[in-house]
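Residue-level listing of the chains:
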There are 4 protein chains.
Amino acid sequence: MTDLYPFSTSIRVRFNETDAQGHVNFAQYLNYFDVAVTEYLRAIGFSYQQMLAENLDMLYVDSHASYIAPSHFEDSLRIHCRVGKIGNSSARFDFQIFNETTNCLTANGEITIVMADRKTFQKMRVPDHLRQALEDKQQ
Amino acid sequence: MTDLYPFSTSIRVRFNETDAQGHVNFAQYLNYFDVAVTEYLRAIGFSYQQMLAENLDMLYVDSHASYIAPSHFEDSLRIHCRVGKIGNSSARFDFQIFNETTNCLTANGEITIVMADRKTFQKMRVPDHLRQALEDKQQ
Amino acid sequence: MTDLYPFSTSIRVRFNETDAQGHVNFAQYLNYFDVAVTEYLRAIGFSYQQMLAENLDMLYVDSHASYIAPSHFEDSLRIHCRVGKIGNSSARFDFQIFNETTNCLTANGEITIVMADRKTFQKMRVPDHLRQALEDKQQ
Amino acid sequence: MTDLYPFSTSIRVRFNETDAQGHVNFAQYLNYFDVAVTEYLRAIGFSYQQMLAENLDMLYVDSHASYIAPSHFEDSLRIHCRVGKIGNSSARFDFQIFNETTNCLTANGEITIVMADRKTFQKMRVPDHLRQALEDKQQ
């Protein structure tokens, strides 16, 4: 199922990311998704520095996460990421987090972003070269 | 719109909850939702201590958040919370976060929980007295 | 011992502030200290908005925390704060966190800040009216 | 100066670790220190799993951090770690965090831990094989 995901990155669960139930706190998964977005964009040559240099920023407008199996301290997680949809000024990233320590899918989800002017935070069209780079990566 | 929400609690945005975009980090809103769940359950006499004493715990299985307008350091946020649905072993909490400093809706969302045995994390039926207390509060 | 502390504020431990050892994560106490600094400054009429309006910002240059007894989810913590020392461009805040649920001192510590230009982050002298307000509060 | 540090690990700054001042939040450095402790102990064959299996846990009793130069989103940080002192039941870890993106020392500090029974949290002597492994690594 994850072969439709053209990109992945891995992290190891830190102690401060767990909570008193003994596993990773539910809100933390959004940060893991976010790490994957960052690494994905850097991998296609569109780092955050680059984005700011083009007077662009990304606003997060929607997030969804399903928690499938718990992950624990020191578990190695692989975060798969793809672009599910690109609109005029928005894009949806899809995620699957696979726990390589337990061999289980631990969570999946989506984040929708809107491209914005980095100073005014007004909506901007996703620039063509980013659009192209995202589509190229997807194939 | 928020009069359908029988409960609310308020928090003030802390500096560590913001990020380099200058406003509250998107993942942080899930923690705000979680604060409301905690306070709501305490308000109906079902604190976490009480839950554990009944050998119960809650697992978070799904979350969704829409980010409507940014909130900033020191803003006062009112988190409205209601029970949207109670199933056999699950419940869905709905949230609206109103920014009392800017008079704007800042975010809304939902969390779905599953009631579980606190030791085995096996699904359990939502106990009748909790179900009743949640329904009473809703009216 | 805490009567030497002219200011205090209280918070309730949130679930995401705990870790897999079942109590509040050690790094979190710095955020609690920080909440007290914010509330203290607001209480003497020098909110962060006010500071920025005067082209000032505070840089944190040193922190120390001693962890005395663990605190847990839903515990009510009272954070006592005082100014231990004011230098030319720096100030040291001292903290004691008393757990009102367990009646134990849970942590104490210090944070040293340097007053800086909000744009260049260059050191600035602590302005006289802030210096005066801090000293007045201390008596 | 860092050649006295027998171990290091690296991380990349995540967006949620920054705050509205535009750089890494001061409390976050304690989590970075903690990552280094975890990786250090794993490197000498004493992972957290192993520790728990020996009925041991570590309690953090003291932390100190000096913030020398700010770090920013996506900076690559190398966290150097050494054991500064081993007592009967305690140990002090020393840290230096070098920012490999800016070529600056960003922070340094110390964490003191106490070895404890994993269930009762009573103080325990640092076991000889861990003591030996820590001393071996240091040479």
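Quick caveat: nothing in here was measured; it's all calculated off a predicted structure.

Trainee: Looking at this model, I keep getting lost on the relation of the copies chain C and chain B. Mind explaining?
Mentor: Mapping one chain copy onto the other needs a rotation about an axis and a shift along that axis. Once chain C has been moved 0.0 Å along the axis and rotated by 180°, it coincides with chain B to within an RMSD of 0.0 Å. Interpreted geometrically, this transformation is the action of a two-fold axis. Taking C-alpha positions as the reference, the residue of chain C nearest the rotation axis is I11 of chain C, at 4.9 Å. Mapped onto chain B, 100% of the interface residues of chain C are again interface residues, and the two copies thus contact each other with one and the same surface.

Trainee: Even after reading the chapter, I still don't get the relation of the copies chain A and chain B, so can you show me in this structure?
Mentor: Once chain A has been moved 0.0 Å along the axis and rotated by 180°, it coincides with chain B to within an RMSD of 0.0 Å. Both copies present the same face, since 100% of the interface residues in chain A are matched by interface residues at the equivalent positions in chain B.

Trainee: Could you clarify how one ought to interpret the interface of chain A and chain B in this entry?
Mentor: Reports of interface size often rely on the accessible area that becomes lost once the parts have come together. Taken together, the 14 residues of chain A in the interface contact 14 residues of chain B. Where the side of chain A that touches chain B is concerned, the elements lending two or more residues are α1 (28-43) and β2 (56-67) of chain A. The dominant element in the side of chain A that touches chain B, judged by the number of residues it contributes, is β2 of chain A, at 9 residues. Across the side of chain A that touches chain B, the residue classes break down as 7 nonpolar, 5 polar and 2 charged. As paired strands, β2 of chain A and strand β2 (residues 56-67) of chain B are joined by 5 bridges and run antiparallel to one another. Bridged to H64 of chain A within β2 of chain B is H64 of chain B.

Trainee: How do you make sense of the interface of chain C and chain B when you look at a structure like this?
Mentor: Taken together, the 11 residues of chain C in the interface contact 11 residues of chain B. The dominant element in the side of chain C that touches chain B, judged by the number of residues it contributes, is helix α1 (residues 28-43) of chain C, at 4 residues. Across the side of chain C that touches chain B, the residue classes break down as 4 nonpolar, 4 polar and 3 charged.

Trainee: How do you make sense of the nonpolar core when you look at a structure like this?
Mentor: Nonpolar side chains in soluble globular proteins tend to be buried together. Residues I79 of chain C together with I79 of chain D are the most contacted members of the largest nonpolar core, which totals 74 residues. For I79 of chain D, the contacting residues outside a window of four places in its chain are S8, T9, S10, I11, Y32, F33, V35, A36, F95 and I97 of chain D. If you look at the next biggest cluster of nonpolar residues, it comprises 71 residues, including L77 of chain A together with L41, A91 and I113 of chain B.

Trainee: I'm lost on the sheet that holds strand β1 (residues 7-12) of chain A in this one. Help?
Mentor: Hydrogen bonds between backbone atoms are what pair the strands of a sheet, whose relative direction is either parallel or antiparallel. Taken together, the 10 strands give an open sheet; going across it, the order is β1(A)-β3(A)-β4(A)-β5(A)-β2(A)-β2(B)-β5(B)-β4(B)-β3(B)-β1(B), and neighbouring strands pair in antiparallel fashion. Each having just a single partner strand, β1 of chain A together with β1 (7-12) of chain B make up the two edges of the open sheet. With strand direction ignored, the average angle separating the axes of adjacent strands in the sheet is 25°. Where strand β3 (residues 76-86) of chain B lies against strand β4 (residues 90-99) of chain B, 9 bridges are found, and the strand directions are antiparallel. Among the inter-strand pairings, I86 of chain B is bridged to a residue of β4 of chain B, identified as A91 of chain B. Lying on the sheet, helix α3 (residues 128-138) of chain A is in contact with β1 and β3 (76-86) of chain A; it crosses β3 of chain A at an angle near 120°. In this fold helix α1 (residues 28-43) of chain B packs onto β1, β2, β3, β4 and β5 (104-117) of chain B, with an angle of close to 65° to the strand it touches most, β3 of chain B.

Trainee: What should I look at first to understand the sheet that holds strand β2 (residues 56-67) of chain D in this one?
Mentor: Spatially, 10 strands are ordered β1(C)-β3(C)-β4(C)-β5(C)-β2(C)-β2(D)-β5(D)-β4(D)-β3(D)-β1(D) in an open sheet, and the strand pairing comes out antiparallel. For this open sheet the edge positions go to β1 (7-12) of chain C together with β1 (7-12) of chain D, each flanked by a neighbour on one side alone. The sheet shows a mean angle of 25° between the axes of neighbouring strands, taken without regard to direction. As paired strands, strand β2 (residues 56-67) of chain C and strand β5 (residues 104-117) of chain C are joined by 11 bridges and run antiparallel to one another. Across the sheet, residue Y67 of chain C finds its bridge partner in β5 of chain C, namely A107 of chain C. Across the sheet, helix α3 (residues 128-138) of chain C is in contact with β1 and β3 (76-86) of chain C; its angle to β3 of chain C comes to roughly 120°. Set on the sheet, helix α1 (residues 28-43) of chain D makes contact with β1, β2, β3 (76-86), β4 (90-99) and β5 (104-117) of chain D; between it and β3 of chain D the angle comes to about 65°.

Trainee: What am I meant to see in the environment of E74 of chain C here?
Mentor: With respect to the helices and strands, the residue E74 of chain C is situated in the loop between β2 and β3. Between the C-alpha atom of E74 of chain C and that of I113 of chain C, which follows or precedes it by 39 residues, the distance is 30 Å. Residue contacts for E74 of chain C: discarding those within four places in its chain leaves T38, S47 and Y48 of chain B together with R12 and V13 of chain C.

Trainee: Could you clarify how one ought to interpret the pairing of strand β4 (residues 90-99) of chain C in this entry?
Mentor: Every other side chain in a regular strand lies on the same face of the sheet, so the side chains alternate between the two faces. Residue and element names in this part refer to chain C. Taken across its 10 residues, β4 has 7 buried, putting it largely inside the fold. Summarising the sheet, β4 and β5 pair through 10 bridges and their orientation is antiparallel. Bridge assignment links I97 to a residue of β5, and that residue is A107. A loop of 4 residues connects β4 with β5, the two strands running antiparallel in sequence, and N103 in this loop sits at a positive phi of about 60°.

So, how was this worked out
Residues numbered from 1 in each chain as written. Chains lettered and ligands numbered in written order. Predicted model: local features only at pLDDT ≥ 70, side-chain atom pairs only at ≥ 80, totals over all residues. Least-squares fit on C-alpha atoms with pLDDT ≥ 70 in both. Contact = placed C-beta atoms within 7 Å. Helix = DSSP H or I, 4+ residues; strand = E, 2+ residues; numbered from the N terminus. Nonpolar A, V, L, I, M, F, W, Y, C, P; charged D, E, K, R; others polar. Pairing = 2+ DSSP bridges. Core = buried A, V, L, I, M, F, W, Y, C linked by C-beta atoms within 7 Å. Buried ≥ 20, exposed ≤ 12 C-beta atoms within 10 Å, placed from the backbone. Axes fitted to C-alpha atoms, helices over the stretch in contact; angles between N-to-C directions.

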